[in-house]
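So you can see what is in the structure, the chains are spelled out below.
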There are 2 protein chains.
Amino acid sequence: MREQPLMVNAFDPARGPVADAEVQSLITRRARVLGPSYKLFYDDPVWFVRGEGVRLYDQAGNAYLDAYNNVPVVGHCHPRVVEAVARQASTLNTHTRYLSDVVVSYAERLLATFPAPLSNVMFTCTGSESNDLAFRIANAYTGNRGIIVTSNGYHGLTAAVAAASPSLGRGVMLGDHVRTVPAPDAYRVGRDQVGPKFEADVRAAIDDLARHGIAPAAIIFDTIFSSDGVLSDPPGFIAGAVAAVREAGGLYIADEVQPGFARTGDAMWGFQRHGVVPDLATLGKPMGNGIPIAGVVSAPETLRSFADTARYFNTFGGNHVSCAAALAVLEVIEEEQLMANAQRVGRYLRDGLSKLAAQDERIGEVRGAGLFIGVDFVRDKKTREPGPDTALAVVNRLRQLRVLIAAAGPRGHALKIRPPLPFTTGDADEFLDLMGRALRDV
Amino acid sequence: MREQPLMVNAFDPARGPVADAEVQSLITRRARVLGPSYKLFYDDPVWFVRGEGVRLYDQAGNAYLDAYNNVPVVGHCHPRVVEAVARQASTLNTHTRYLSDVVVSYAERLLATFPAPLSNVMFTCTGSESNDLAFRIANAYTGNRGIIVTSNGYHGLTAAVAAASPSLGRGVMLGDHVRTVPAPDAYRVGRDQVGPKFEADVRAAIDDLARHGIAPAAIIFDTIFSSDGVLSDPPGFIAGAVAAVREAGGLYIADEVQPGFARTGDAMWGFQRHGVVPDLATLGKPMGNGIPIAGVVSAPETLRSFADTARYFNTFGGNHVSCAAALAVLEVIEEEQLMANAQRVGRYLRDGLSKLAAQDERIGEVRGAGLFIGVDFVRDKKTREPGPDTALAVVNRLRQLRVLIAAAGPRGHALKIRPPLPFTTGDADEFLDLMGRALRDV
C-alpha cells in the first residue's frame, strides 16, 4: 500500500508555473506570505471572487457548480445570513461574560433540535476546538485518557486532536493513548458483517489499551465517516462499537462537523440516522454558513467534573455576530425545508450516479445519505481494490469542466459529493451530465 | 497565600437571585443552556444590547464606559469594519484551498508591520489555536518539548495550551514538560533587578527541565504580562531570559494576543517595546475587532520542519469575511492614528491615576504602556503585600458607576485598564472622576 500523501489533490508548485500568468502571480504572492504549510487544491488552482447559492465565480467570470463545500450549507452568501451578520455587527458584538439574549436564544433554538439528555451547549470557534474541548470533558468525566479513532479519521488540528487524526499522515504522530480501528467499510467487509466487525475491532483496541494500562476516555467518529471514504450504511451499525466503549467506561463523541445540520436528509444530526445518542456531539463547519462558530453539545451531568475543575471562556466562542449568523442558518434550513431537499435531491443524485456506475467498471459503489455521497472507485470490481488514480483524474477533469468536488478515503479513492443544501434536481442533472463526460474523458 | 479562585470577579449564583427580575430570568435561561462551566462577570451581571465606540448600552438604556474590552480595538461596531464585513459576506466567503486576493492582500498588509525575518503568517480563528499551533511548530523546529511560562500566565484553552496556562487554576493540570517561573514584577523585585532575576529564574527552569531529560521547545509570554498583573517595565528586561532559552535550543514565542495591534502606544507589537524580535508571534483577540481571526507570524525557515511533516488547513482560518474585517482594522488603526492616541491618552490616564495613587495608601503602583494600564493595590505600601479585596471592590463599584474594568494578577490585586483604542482624554477624565469616587466609596 502506498504511503498516505500529505494531501490528496494538492497543487504541486514543483511542477512549474500554471498557464495563466495572473493566476501564477497570485500563487507566488500567496506562497511568499502564507509559507510552506499551506496547500492549494488542484493541478490548476482556482481563484474565486464571488459566490451565490451553489455557484462560485472565478476571476475571469466563469461559473463553477459547487458540489463540494459543506460550510456554506444554506448556499454561498445567503441573503438572510448576510443580513443577520450585518445587522448584528452594527449593533453589538461582545462575549459571554456579559449577559446576552442573542447567545441564549440561539442556544435554546439549537438545543431544541437535539434529543434528551443533550441540553447544554458550549461554544467554540472551530471543529478542532470543539473536539479538543470534548476530549478535555471526556477526560474529566471518565478519569481515563484513551482515545479510539478510525484508521483514516480526521478530527482537527490542535495538538490534542491532531494526535488522534490519522488522516493527517505519518508525519503527524498519534498519541500513545490513541488506537486506530479499521474504518467500517461495508462495501469491502459486507453489509451484514460491518457492524459486528466494527464492534470486534473496537473491543480489540480497548483490550490493547488495557494491556498498556490505559482505559478509554472516548471513541470519536463522524457518522458518515467522511475522511474514511463516506461510509454510511447500514443505519445502526455503530451501536455495538459504542456499547463496547461505554462498557469500558468511555464516552461516545459524535463528530457532527461533517454530517450535521440536516445534510444526511433523514435527520438533523448524523447520529440520529443510527439511532444512537452520543454523550457529546461536536459541531463545526456549516454552523454559521462560513462565519466561525462551533460547539460541544452535552448532558449537564457529563460537564460536571470538567466544570468543577476548569472555568470555560472562549473569547470569540458565542460572540453575537457568529450566533446571529448561526440562528439565521437554522431558520433558513427550516423555512426552505433543506433537510427534505437533501433527502429528495440526494436520492435523485445517487440514482443517477448508480446508472453511471452500472455502465462503468471503475465504479464499485455509490453510497451515502442525503447530500453526502460517496462514489467508490476500484481497479477491479471483483477484488474491490481501491482505484485512487481514477478518482484523482475525475476530480481534476471535473475542475476543468467547472464542477467542484474532492476525493476521500485512505487511498483517496472515493469521490466526496457534499454540495450546499439548496442543490436542485436541475443542479443534479448538470452534475450528472458533466460527471458522465469526465468519466468518458479520463 | 489563598488558593487561586476559578475566576476573579465571577458572579456566584449560589448567593441568590439578582435584584432585577428580567435580568435574573435571562441568567436562569442562560445557565440552563450553557451549562455549569460558563461564568458571568460581577456580583450583579450586566446585560448589553448595543455598542458604539467606547460605550456599551444595557437593556435599560444605560451607557457604560468600556475601559476593559481590548477585542473591539477600533471601537465597538466601528462602521468601517461593519461595512467591510457586510460587503465581503455578500460577495464571497470561502477557504484558503482556493486562491483568493483578500487573504493574500491582508497577509501582505499585516506582515508589513513586522520586522525581519518575520514574513510568513498562518491563520487560525482564536489565540488558543495560534498558541497551540506555535507549540506544534516549536516542537517540530527544535525537536524539544519543554515549555516555560510565567507563574500566572494564560495562553488559551486547548488541551496543549491549557496545560501551559497556570492562571486557569489548580484544577487544570500543568504538563510534565511545563515549568513556571515567577512573573517579572519590578514593583516587588526592583526595577534594576527584574531583568537579571527573570533570566536567572528561566535558567533555573531550563536546568530543572534538563534534570528530567527535557530540553526547552519554547518560552512563551506576552510582553505586557497581562494575567500576571500588567508588568510593563523597564523596556528591554526580557532580553536575558530570551537569550537563555535560545542558548538551550528553544524558541521565544511572543503572545501578542494582549499587547498587539498598537495598544502599547510605542509600537504595533508588544515585543518591539523590548527590542527583542521573537521566533514566533501569536495574534488573536483584537485582530478582527471581534470577528474571529487569529494567526501565527514566523520566519519561513522556522516553519520548514513543521511543513515537511504536516499540512495545514484551518477551515475558517483566513476566511474572506474575517480577513476583510482584519484589513479594515489595520486601515482604521493607521487612518485614525490610534497608536499615537494610545500613547497620548495612555500617558494622560496614567498621570491622572498616579495623582489618585499619591493620595491613596491602597495603591502601590500605576504602570503600563499606552492604553494597557495596571493599578497595583496593596495592603501596605511598605511590605507591598497585594490587596486583592480592594481591587475586587473597586471593580464591582465601578460596575455600579457604569465603568467596565477587571482585575488581574496572581491574587487578582491589579486593575487591568485596557479600553478600545479610540479612548479620548475626555473619556479618561470621566474614568478618573468615577475611579476617584469608587476609591472613596470602597
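Residues numbered from 1 in each chain as written. Chains lettered and ligands numbered in written order. Predicted model: local features only at pLDDT ≥ 70, side-chain atom pairs only at ≥ 80, totals over all residues.

If you tally the helices and strands in chain A, you get 14 helices and 15 strands. Computed over the C-alpha atoms, the radius of gyration of chain A is 21 Å, within 12% of the 22 Å expected from 2.2 N^0.38 for a compact globule of 442 residues. Projected onto its principal axes, the C-alpha positions of chain A cover 60 × 55 × 45 Å. Taking all 442 residues of chain A together, 63% fall into the buried category. Contacts in chain A between residues far apart in sequence, at least 24 positions, make up 75% of those at least 6 positions apart. (Helix = DSSP H or I, 4+ residues; strand = E, 2+ residues; numbered from the N terminus. Rg over C-alpha atoms; globule rule 2.2 N^0.38 Å. Buried ≥ 20, exposed ≤ 12 C-beta atoms within 10 Å, placed from the backbone. Contact = placed C-beta atoms within 7 Å.)

All names here are of chain A. Looking at the assigned domains, one finds that chain A contains domain 1 (46-74 + 337-441) and domain 2 (79-335). Its C-alpha centre places domain 1 at a distance of 25 Å from the equivalent point of domain 2. Every contact between the two is made by 29 residues of domain 1 and, on the other side, 30 residues of domain 2. Put simply, the parts of the chain that give the side of domain 1 that touches domain 2 at least two residues each are α12 (338-358), β11 (363-369), β12 (372-377) and β15 (414-417). Looking at the side of domain 1 that touches domain 2, its residues break down into 15 nonpolar, 9 polar and 5 charged. (Domains from an automatic or database assignment. Nonpolar A, V, L, I, M, F, W, Y, C, P; charged D, E, K, R; others polar.)

The interface of chain B with chain A comprises 82 residues on the first partner and 82 residues on the second. Considering every element that reaches the side of chain B that touches chain A, the biggest residue donor is helix α1 (residues 21-34) of chain B, with 7 residues. Here the residues of the side of chain B that touches chain A sort into 48 nonpolar, 21 polar and 13 charged.

Let's shift gears to helix α8 (residues 239-247) of chain A. Note that an α-helix has 3.6 residues per turn; residues three or four places apart therefore point the same way. Residue and element names in this part refer to chain A. For α8, every residue scored as buried is listed here: Ala 241, Val 242, Ala 244 and Val 245. Looking straight down α8, one finds that the buried residues subtend no more than 160° of arc, so they occupy a single side. Among the structural elements, β5 (146-150), α7 (194-211), β7 (216-221) and β8 (251-255) are those in contact with the buried residues of α8. Remark: Gly 249 follows α8 within two positions and exhibits a positive phi of approximately 95°. (Arc of directions from axis to C-beta.)

This part takes up the packing of helix α13 (residues 388-400) of chain A against helix α14 (residues 425-441) of chain A. Residue and element names in this part refer to chain A. Where α13 meets α14, the closest approach of the two axes is 9 Å, and the angle between their N-to-C directions is 125°. When the axis of α13 is compared with that of α14, the two are oblique. For the pair α13 and α14, the sense of crossing is right-handed. Packed against α13, whose contacting residues are Val 394, Arg 397 and Leu 398, the element α14 presents Leu 434, Met 435, Ala 438, Leu 439 and Asp 441 at the interface. Taken together, the residues of the contact of α13 with α14 sort by class into 6 nonpolar, no polar and 2 charged. (Axes fitted to C-alpha atoms, helices over the stretch in contact; angles between N-to-C directions. Parallel < 35°, antiparallel > 145°, perpendicular 65-115°, else oblique. Left-handed = near helix turned anticlockwise from the far one by under 90°.)

Our focus in this paragraph is the pairing of strand β3 (residues 63-66) of chain A. Residue and element names in this part refer to chain A. Examined bridge by bridge, strand β2 (residues 55-58) and β3 share 3 bridges and lie antiparallel to one another. In the sheet register, Arg 55 faces β3, and the bridge partner there is Leu 65. Hairpin remark: β2 followed by β3, antiparallel, with 4 residues in the connecting loop; positive phi at Gly 61, about 90°. Bridging between β3 and strand β13 (residues 403-404) involves 2 bridges; their strand directions are parallel. Across the sheet, Asp 66 pairs through a bridge with Leu 404, a residue of β13. (Pairing = 2+ DSSP bridges.)

Here chain B sits on chain A after a turn of 180° about the axis and a move of 0.0 Å along it, with an RMSD of 0.0 Å. When the rotation and shift are considered jointly, the pair of chain copies conforms to a two-fold rotation axis. Among all C-alpha atoms of chain B, that of Ala 86 of chain B lies closest to the rotation axis, at 2.5 Å. (Least-squares fit on C-alpha atoms with pLDDT ≥ 70 in both.)

Here the focus is unusual backbone geometry. In the segment running from Ala 116 of chain A into Pro 117 of chain A, the intervening peptide bond is cis, with an omega of 0°. Along the polypeptide, Pro 117 of chain A turns up in the loop between α3 (101-111) and β4 (120-124). Along the chain, Asp 233 of chain B connects to Pro 234 of chain B via a cis peptide bond; the corresponding omega equals -5°. With respect to the helices, strands and loops of the structure, Pro 234 of chain B is situated in the loop between β7 (216-221) and α8 (239-247). Here Val 230 of chain A, not a glycine, exhibits a phi torsion of approximately 65°, which is positive.

This brings us to the pairing of β11 of chain A. Remember that side chains alternate between the two faces of the sheet whenever the strand is regular. All names here are of chain A. β11 sits mainly inside the fold: 7 of its 7 residues count as buried. Examined bridge by bridge, β11 and β12 share 6 bridges and lie antiparallel to one another. The residue of β12 that forms the bridge with Val 366 is Val 375. Counting the residues that bridge the hairpin from β11 to β12 gives 2 residues, and of these Gly 370 lies at a positive phi of roughly 55°.

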